[in-house]
Each structure stands twice: as structure tokens, then as C-alpha cells.
Amino acid sequence: EAGVAQSPRYKIIEKRQSVAFWCNPISGHATLYWYQQILGQGPKLLIQFQNNGVVDDSQLPKDRFSAERLKGVDSTLKIQPAKLEDSAVYLCASSIMGGLAGGYEQYFGPGTRLTVT
Amino acid sequence: LAKTTQPISMDSYEGQEVNITCSHNNIATNDYITWYQQFPSQGPRFIIQGYKTKVTNEVASLFIPADRKSSTLSLPRVSLSDTAVYYCLVGERNAGNMLTFGGGTRLMVKP
């Protein structure tokens, strides 16, 4: 079974530039998550999709971050414009189901390391 | 706002049993407790999940008291390859049941 795929693995941009990350979840997984992990901290959930609908995006900085999952499979996360404090690893995860109460194992991708200079 | 509380770090030696405790005072009635392991430059990996009492798999055991306000991950006979960060994950009623990772516990296993 193929795992969660993410690209690119690394990205360096200057502040105020835009960047996009792509995620392909495990086939058949209805739920997709995007996390931000700042060095030395635990992952912070940014947004959760159930199929192509948003379940929770309360911690997504919507003035600069956007995410979509148009066909209920792949997802993209965009930052526009980037700030220095956006430097982090962006992790994508998927699970078979995944109500807000959890109960379903999340499978994580390798992440995209973003450096904003 | 603290979601879960774990020790920042722990040291152990090969062959010992390691117990990592997580406090989650605001756990919601329907929430599960899940533990993940993370190596450097990798995404977290699921270890174990439970709702109450005790759960055991081939890797670890999870002990949850009746009040469910804490949980303990037990790793039997650790090896050097168990050196990693361990996260406790629960839903939280006060934050609208948002999935939240704790700060994690950095486990260092020494020879």
C-alpha cells in the first residue's frame, strides 16, 4: 500500500512570495489533514477535510493560507504572502474516516520543509 | 492554552521498560487517546490508541484510568531505535473537539 505522498520535500522562498504544497493521500482515505510543525514543537492542525468538504479550519490563518481538496482526493495548501514565521514543516496526513473525536489512525506523509528568508 | 501535558524529555537504557504519562484533564466523553512516535525528518507514526482501561499491541501498552484524565504509554524493553519524540493526541471539548498534539516527550535510549 502506497503511503501519503507530498511534494516538494523542501522549499526556500523569500518573504512576501507565494508557495504551494501538494498532498496525495492513501487511496480510499476520506479524511485529509494539513499540519504545521515548527521546529521543536508538536504538529498543529491547520485544516481537516472529509472528502472534499472542510470539517475544521479554525486554526488556519485565512488571511494568507488557503487549502482545497476539489475532487476529494489530492489537496493543495497555499501560502500567500509568506512571512518569516511560516518557516516550518508542513505535514499532510490521511485516515479512513476521522470524525472530530478521532478514533481512526492517521497516516502521515514525509512533510515539506519550508524556509522563508 | 495547554491541551495535554507530557514530560519534555526522558532518558532510559536499552532493555528497560519506559512509561510516559500524558495529562488531558478536558478530554471529551467520546474522545480517543492516541499516541504517535516521530523520528527526525519524518512524519509521526501511529503507535497505539485507546478509549479506556488497557490496550496492548505488539509495540506498546496503553493504560487509561477510569476518569480518563491521563494515560500512560508503556514501551517494554526499549532499544536504541526507540529514541524519538512521543506525542499524546486527544480531542478536547473546550476547543471544539479539535485534534491537538501535545508538546511531545523526547525519549533518549542509551546503550
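In this report, we go over the structure that sits alongside the text. These numbers were taken from a predicted model, which means no experiment stands behind them.

**Quick word on the interface of chain B and chain A**
Chain B puts 20 residues into the contact, and the matching count from chain A is 25 residues. Summed over both partners, the interface of chain B with chain A buries about 1,700 Å², with 55% contributed by carbon and sulfur atoms. Joining chain B to chain A, the criterion identifies zero salt bridges. The tally of links between chain B and chain A comes to four residue pairs in polar contact (both at pLDDT 80 or more). Secondary structure elements with two or more residues in the side of chain B that touches chain A: β3 (33-38), β4 (45-50) and β8 (84-90) of chain B. Per-class residue counts for the side of chain B that touches chain A are nine nonpolar, nine polar and two charged.

**Examining the packing of aromatic side chains**
Aromatic ring pairs are defined here through the distance separating the ring centres and the angle between the ring planes. Tallying each qualifying case throughout the model produces seven aromatic pairs over all chains. Where A:Phe21 meets A:Tyr90, the ring centres are 5.0 Å apart and the plane angle is 25 degrees; that geometry is what we call stacked. One end of the pair, A:Phe21, is in strand β3 (residues 19-24); the other, A:Tyr90, is in strand β9 (residues 88-95), and 69 residues separate them in sequence. Each of the two residues, A:Phe21 as well as A:Tyr90, counts as buried. Three or more aromatic residues joined by ring pairs form one cluster here, namely A:Tyr33, A:Tyr35, A:Phe108, B:Tyr36 and B:Phe46. Here the basic side chain of B:Arg68 rests over the ring of B:Tyr51, its NZ or CZ set 4.0 Å away from the ring centre.

**What to know about the pattern of salt bridges**
The full count for this structure, using the stated rule, is three salt bridges over all chains. A salt bridge links A:Asp86 to A:Arg64; the nearest nitrogen and oxygen atoms lie 2.5 Å apart. Remark: A:Arg64 occurs in the loop between β6 (53-56) and β7 (65-68) and A:Asp86 occurs in the loop between β8 (75-79) and β9; sequence separation between them is 22 residues. Pair check on accessibility: A:Asp86 and A:Arg64 agree, each one buried. We note a salt bridge from B:Asp11 to B:Lys110, for which the minimum N-O separation is 3.3 Å. Highlighted residues: B:Asp11 in strand β1 (residues 9-13) and B:Lys110 in strand β10 (residues 105-110), separated in sequence by 99 residues.

Here is what the cut-offs are and how they apply
- Residues numbered from 1 in each chain as written.
- Chains lettered and ligands numbered in written order.
- Predicted model: local features only at pLDDT ≥ 70, side-chain atom pairs only at ≥ 80, totals over all residues.
- Heavy atoms only, no water.
- Contact = heavy atoms within 4.5 Å.
- Buried area = accessible area lost by both parts, 1.4 Å probe.
- Salt bridge = Lys/Arg side-chain N within 4 Å of Asp/Glu carboxyl O.
- Polar contact = N/O pair within 3.5 Å; in protein donor to acceptor, adjacent residues only side chain to side chain.
- Helix = DSSP H or I, 4+ residues; strand = E, 2+ residues; numbered from the N terminus.
- Nonpolar A, V, L, I, M, F, W, Y, C, P; charged D, E, K, R; others polar.
- Phe/Tyr/Trp six-rings, centres within 6.5 Å; stacked < 30°, edge-to-face > 60°.
- Buried < 20%, exposed > 50% of the residue type's maximum accessible area, 1.4 Å probe, protein only.
- Lys NZ or Arg CZ within 6 Å of the ring centre and 35° of its normal.

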